[in-house]
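These are the residues of each chain, in order.
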Amino acid sequence: MARADLTNDLVHWIKGDSDAESFEVLRQIVFGRRLLGGAGHVKGGYRCVCFTEAPEDTFHAVSGRYRPFGIRVSKKWLYAQGGRPVIYQSDAEFGDLGESHRWRHVRYVPDAEPPIDFSWEREWRIRTDELELPPGESRIIVPHASWVDAITLEHSEEEQSRIYFESMSYGETVLNYPDDFYYAISVLNR
């Protein structure tokens, strides 16, 4: 049975005060071909990369702290790398988790005033300092086509520079062609 609230993909959405700021972070991720782990909001200081399994349209309907720029991977791929859904529970239950699972804890106190409830994020994490993003397993998400043009133009310019410096180093007899942009891109049209 197909359900609109289920997806086979996970997305790492990018925070930022503006689209330009978020795009700069996306550029660093794309040209570095990796996501860096962080320990912010992770009890115990474990370094993790975070994703959501919430569908794109419903996720952005609730949250205002993330911009519509991100990296999408398949749930199956991230699971094979060691990624898992978080465990929503009280801080008192954190110690009940074995050391091997504590990085998955997310504080959940629905009866607090105001409630502490991030379950709508449907978060997944992978415990790592950095997560390599293979082009065949990763897809870029941008809000509209102008951002596609900006990132592919930068890639093209970098390829032209690479070709120029290789021809200067190895001689003009070496035939070099620019590599295609290595990530697929999804446009949200927002």
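What counts, and at which threshold
- Residues numbered from 1 in each chain as written.
- Predicted model: local features only at pLDDT ≥ 70, side-chain atom pairs only at ≥ 80, totals over all residues.
- Heavy atoms only, no water.
- Salt bridge = Lys/Arg side-chain N within 4 Å of Asp/Glu carboxyl O.
- Helix = DSSP H or I, 4+ residues; strand = E, 2+ residues; numbered from the N terminus.
- Buried < 20%, exposed > 50% of the residue type's maximum accessible area, 1.4 Å probe, protein only.
- Expected span 1.5 Å × (residues − 1).
- Contact = heavy atoms within 4.5 Å.
- Core = buried A, V, L, I, M, F, W, Y, C linked by side-chain atoms within 4.5 Å.
- Pairing = 2+ DSSP bridges.
- 1 Å grid on protein atoms, 1.4 Å probe; cavity = no way out; pocket = protein on both sides within 12 Å on 5 of 7 lines; lining within 4 Å.
- Points joined across faces, edges and corners; volume = space filled by probe spheres on them.
- Nonpolar A, V, L, I, M, F, W, Y, C, P; charged D, E, K, R; others polar.

Asker: So what about the pattern of salt bridges? Which residues, and what values?
Answerer: In this structure the tally under the stated criterion is 10 salt bridges. We note a salt bridge from Lys-75 to Glu-53, for which the minimum N-O separation is 2.7 Å. On the criterion of sequence distance, the pair formed by Lys-75 in helix H3 (residues 75-81) and Glu-53 in the loop between strand S3 (48-52) and helix H2 (56-62) is long-range, its members being 22 residues apart. Taken as a pair, Lys-75 and Glu-53 share a single burial class, namely buried. Here Glu-99 and Arg-102 are joined by a salt bridge, their closest N and O atoms 3.6 Å apart. Looking at Glu-99, the relative accessible area reads 44%, which means it is partly exposed. We classify Arg-102 as partly exposed; its relative accessible area is 23%. Residues joined by salt bridges that share partners form a network here, namely Glu-24, Arg-27 and Glu-154.

Asker: If you had to explain helix H4 (residues 145-170) to someone new, which residues and values would you point to?
Answerer: For H4, built from 26 residues, the straight-helix expectation of 38 Å at 1.5 Å per residue is met to within 8% by its first-to-last C-alpha distance of 37 Å. On its buried side, H4 packs onto helix H1 (19-32), strand S4 (66-74), strand S10 (138-142) and strand S11 (184-187).

Asker: Which residues make up the nonpolar core, and what values do they have?
Answerer: One broad trend across soluble globular proteins is that nonpolar side chains are buried collectively. Residues Leu-26, Phe-51, Leu-78 and Leu-131 are the most contacted members of the largest nonpolar core, which totals 26 residues. Going through the elements one at a time, strand S1 (9-15), H1, S3, S4, H3, strand S8 (123-127), S10 and H4 are the ones with two or more residues in this core. With four residues, the top contributor of residues to this core is H1. In contact with Leu-131, other than residues within four places in its own chain, are Arg-33, Arg-34, Leu-35, Val-49, Phe-51, Trp-77, Leu-78 and Ile-126. One finds Val-11, Phe-59, Ile-141 and Leu-188 within the second-largest nonpolar core, a separate group that totals seven residues.

Asker: Could you give me a rundown of unusual backbone geometry, with the residues and numbers involved?
Answerer: The omega torsion of the bond from Glu-113 to Pro-114 falls at -5°, within 30 degrees of zero and hence cis. The backbone of His-41 shows a phi angle near 65°, a positive value even though the residue is not glycine. Its place among the elements puts His-41 in the loop between strand S2 (34-36) and S3. A positive phi angle, near 45°, is found at Arg-122, a position not held by glycine. Along the chain, the position of Arg-122 falls in the loop between strand S7 (105-107) and S8.

Asker: Can you break down the pairing of S1 residue by residue, with the values?
Answerer: Looking along a regular strand, one sees the side chains alternate between the two faces of the sheet. Burial of S1 is extensive: five of the seven residues sit out of reach of the surface. Of the strand pairs in this sheet, S1 and S4 are connected by seven bridges, and their pairing is antiparallel. If you follow Leu-10 over to S4, its bridge partner there is Val-73.

Asker: A description of the pairing of S4 should follow, citing residues and the corresponding values.
Answerer: Within S4, seven of the nine residues are buried, which leaves it mostly tucked inside the rest of the structure. Here four bridges tie S4 to S10, and the two strands are oriented antiparallel to one another. Counted as the bridge partner of Val-73 is Ser-138 from S10.

Asker: Any chance you could break down the layout of surface pockets for me, citing the residues and the numbers?
Answerer: Estimated volume of the largest pocket: approximately 940 Å³. Around the largest pocket, the lining is made up of 35 residues, and of these Lys-15, Gly-40, His-41, Cys-50 and Tyr-66 lie nearest the centre. If you list the elements that add at least two residues to the lining of the largest pocket, you get S1, H1, S2, S3, S7 and S8. Looking at side-chain class alone, the lining of the largest pocket contains 17 nonpolar, nine polar and nine charged residues.

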